[in-house]
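Breakdown of the fold
Here is how the chains run, residue by residue.
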Amino acid sequence: MRTFRLVIACPDRVGIVAKVSNFLASHNGWITEASHHSDNLSGWFFMRHEIRADSLPFGIEAFREAFAPIAQEFSMNWRITDTAQKKRVVLMASRESHCLADLLHRWHSDELDCEISCVISNHDDLRSMVEWHGIPYYHVPVNPQDKEPAFAEVSRLVKQHDAEVVVLARYMQILPPELCSEYAHKVINIHHSFLPSFVGAKPYHQASLRGVKLIGATCHYVTEELDAGPIIEQDVVRVSHSDSIEDMVRFGRDVEKMVLARGLRYHLEDRVLVHGNKTVVF
């Protein structure tokens with residue numbers, strides 16, 4: 001069913017829900033899902049509504065025009081999206097295939113409602129898997145001594161494909177600050193949650209030697225500060241002394257791909273509202 005997704009963040013005050021609900025009711029808008037959250041700490045209010053598109057007498061542009069006075073009255077940061085318009089996604093990967101393969105499978109199985117425009121990689125290893133799905137694959141090598149030309153090409157490709165979200169599916173390069181800034185809250189990353197305890201190479205080996213009992217993964221938006229962006233989703237799996245390092249790596253890959261898929265789905269469904277360095281996920 002085609003719906004419009006109305007997402008709002010604004011300073012909290014009396015009457016927001018009533019005003020939005022009355023607006024929708026006056027236009028016969030049929031709400032199929034409604035979520036609200038009031039943050040007492042920041043004094044902000046967050047809202048997400050899904051409305052049946054066929055219940056409204058106008059399209060999305062007319063909706064924007066009609067709703068604008070309310071948005072202005074309450075100083076809203078807001079957006080309205082149409083589920084009929086699939087979001088364009090660019091995936092980026094290096095040599096590890098588990099996250100990329102999982103996202104491609106979910107997309108191929110219609111579990112992810114989006115258009116995967118292309119895959120960009122600094123290695124050529126995963127080309128055949130990507131092209132089997134009929135998706136363009138761009139090999140953009142990164143010279144460790146001079147990374148600027150590679151990231152200029154990455155930026156060009158992202159713009160060429162008019163990407164609305166970029167997913168780092170175990171892309172093992174740090175994006176330049178300019179790219180992070182230009183696509184703020186539109187670049188999603190995944191990494192193991194051992195940081196900052198086990199830094200550098202072979203974190204699972206380090207964690208095994210330390211006797212950890214939980215393995216986790218964190219999906220977050222990319223910012224200029226490495227691995228410090230607003231968190232979208234996290235999860236953990238329990239391990240014990242009987243699990244080998246190989247077992248831990250396998251468990252880690254499983255939780256990484258699950259968390260990344262959920263985080264991407266929440267973004268595609270307009271469920272993530274960013275406020276400062278925190279998120280509200282409906």
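Because the structure is predicted, anything quoted here is derived from the model rather than measured. (Residues numbered from 1 in each chain as written. Predicted model: local features only at pLDDT ≥ 70, side-chain atom pairs only at ≥ 80, totals over all residues. Heavy atoms only, no water.)

Moving on: the overall build of the chain. The helix and strand inventory of the chain stands at 8 helices and 13 strands. The C-alpha atoms of the chain give a radius of gyration of 21 Å, which matches the 19 Å a tight globule of 282 residues would have. Seen along its three principal axes, the alpha-carbon backbone of the chain occupies a region of about 60 × 40 × 35 Å. Residue burial in the chain is summarised as follows: out of 282 residues, 47% are buried. Long-range pairs, those at least 24 residues apart, make up 68% of the contacts in the chain with a sequence separation of at least 6. Put simply, the chain shows about 14100 Å² of open surface, and 51% of that area lies on carbon and sulfur atoms. Charge centroids of the chain, computed over 30 positive and 37 negative side chains, lie 3 Å from each other. (Helix = DSSP H or I, 4+ residues; strand = E, 2+ residues; numbered from the N terminus. Rg over C-alpha atoms; globule rule 2.2 N^0.38 Å. Buried < 20%, exposed > 50% of the residue type's maximum accessible area, 1.4 Å probe, protein only. Contact = heavy atoms within 4.5 Å. Areas by Shrake-Rupley, 256 points an atom, 1.4 Å probe, with all protein chains shown as cover. Lys, Arg positive; Asp, Glu negative; His and termini not counted. Charge placed at Lys NZ, Arg CZ, Asp CG, Glu CD.)

Taken in spatial order, the 7 strands of this open sheet run β7-β6-β5-β8-β9-β10-β11, and their pairing is mixed. Of all strands in the sheet, those bounded by a partner on one side alone are β7 (137-139) and β11 (231-238). Averaged over all pairs of adjacent strands, the angle between their axes in this sheet comes to 20 degrees, without regard to strand direction. Bridge count for strand β6 (residues 114-121) against β7 is 3 bridges, and the pairing is parallel. Among the inter-strand pairings, I120 is bridged to a residue of β7, identified as Y138. Helix-sheet contacts for helix α3 (residues 98-108) involve β5 (87-93), β6, β8 (165-168) and β9 (187-192), and the interaxial angle to β6 is about 155 degrees. (Pairing = 2+ DSSP bridges. Axes fitted to C-alpha atoms, helices over the stretch in contact; angles between N-to-C directions.)

Here helix α2 (residues 60-73) spans 20 Å end to end across 14 residues, near enough to the 20 Å set by a 1.5 Å rise per residue. The principal kink in α2, of about 40 degrees, is found at F67, preceding the proline P69 by one to four residues. Among the residues making up α2, those that are buried are I60, F63, F67, I70 and A71. Among the structural elements, β1 (3-11), α1 (16-26) and β4 (77-82) are those in contact with the buried residues of α2. (Expected span 1.5 Å × (residues − 1). Bend = angle between axes of the 7 residues up to and from the residue.)

Ranked by size, the top nonpolar core spans 39 residues in total, and within it L91, L100, L103, V167, I188 and L260 carry the most contacts. The set of elements that each furnish at least two residues to this core consists of β5, α3, β6, β8, β9, α7 (203-210), β10 (214-221) and α8 (245-268). When residues of this core are assigned to their parent elements, the largest contribution, 7 residues, is made by α8. Setting aside its immediate chain neighbours within four residues, V167 contacts V89, V90, L91, M92, L103, I188, L260 and L264. (Core = buried A, V, L, I, M, F, W, Y, C linked by side-chain atoms within 4.5 Å.)

When the UniProt feature table is mapped to this numbering, "domain: ACT" (unreviewed entry) covers residues 5-85. Split by type, residues 5-85 is 31% helix and 38% strand. Its first and last C-alpha atoms lie 12 Å apart. (UniProt positions renumbered as here; feature names shortened; annotations may be inferred.)

Bringing the UniProt feature "active site" (unreviewed entry) in the chain into the picture now. With numbering aligned to this structure, UniProt lists the feature "active site" (unreviewed entry) at D227. Secondary-structure assignment places D227 in the loop between β10 and β11.

Inspection of the entire model under this criterion finds 6 aromatic pairs. A cation over a ring is seen here: R52 above W30, with NZ or CZ 4.2 Å from the ring centre. (Phe/Tyr/Trp six-rings, centres within 6.5 Å; stacked < 30°, edge-to-face > 60°. Lys NZ or Arg CZ within 6 Å of the ring centre and 35° of its normal.)

Let us now look at the side chain of H192. The residue H192 is located in strand β9 in this model. Take H192: its relative accessible area is 9%, and that puts it in the buried class. Those residues in contact with H192 that sit more than four places away from it in its chain are F198, P203, Y204, G216, A217 and E256.

Scanning the entire structure with this criterion turns up 0 disulfides. A disulfide-free cysteine, C118 has its sulfur positioned 12 Å from the sulfur of C114, the nearest such atom. Residue C118 is classed as buried on the basis of its relative accessible area of 0%. (Disulfide = S-S within 2.5 Å.)

Between α1 and α2, the shortest axis-to-axis distance is 11 Å and the interhelical angle comes to 160 degrees. The angle between α1 and α2 places the two elements in the roughly antiparallel class. Of the two possible hands of crossing, α1 and α2 adopt the one that is right-handed. Between α1 and α2, the contacting residues are K19, V20, F23 and L24 on the first element and F63, A66, F67, I70 and E73 on the second. Per-class residue counts for the contact of α1 with α2 are 7 nonpolar, no polar and 2 charged. (Parallel < 35°, antiparallel > 145°, perpendicular 65-115°, else oblique. Left-handed = near helix turned anticlockwise from the far one by under 90°. Nonpolar A, V, L, I, M, F, W, Y, C, P; charged D, E, K, R; others polar.)

Summarising burial for β6: 7 of the 8 residues are buried, a large majority. Pairing of β5 with β6, which is carried by 7 bridges, proceeds in the parallel orientation. Note that in β6 the partner of V90 across the bridge is C118. Of the crossover connections in this fold, the one passing from β5 over α3 to the parallel β6 is right-handed. In this region the chain leaves β6, passes through helix α4 (residues 127-132) and returns to the parallel neighbour β7; the handedness of that crossover is right-handed. (Right-handed = clockwise from strand over helix to strand, strands pointing away.)

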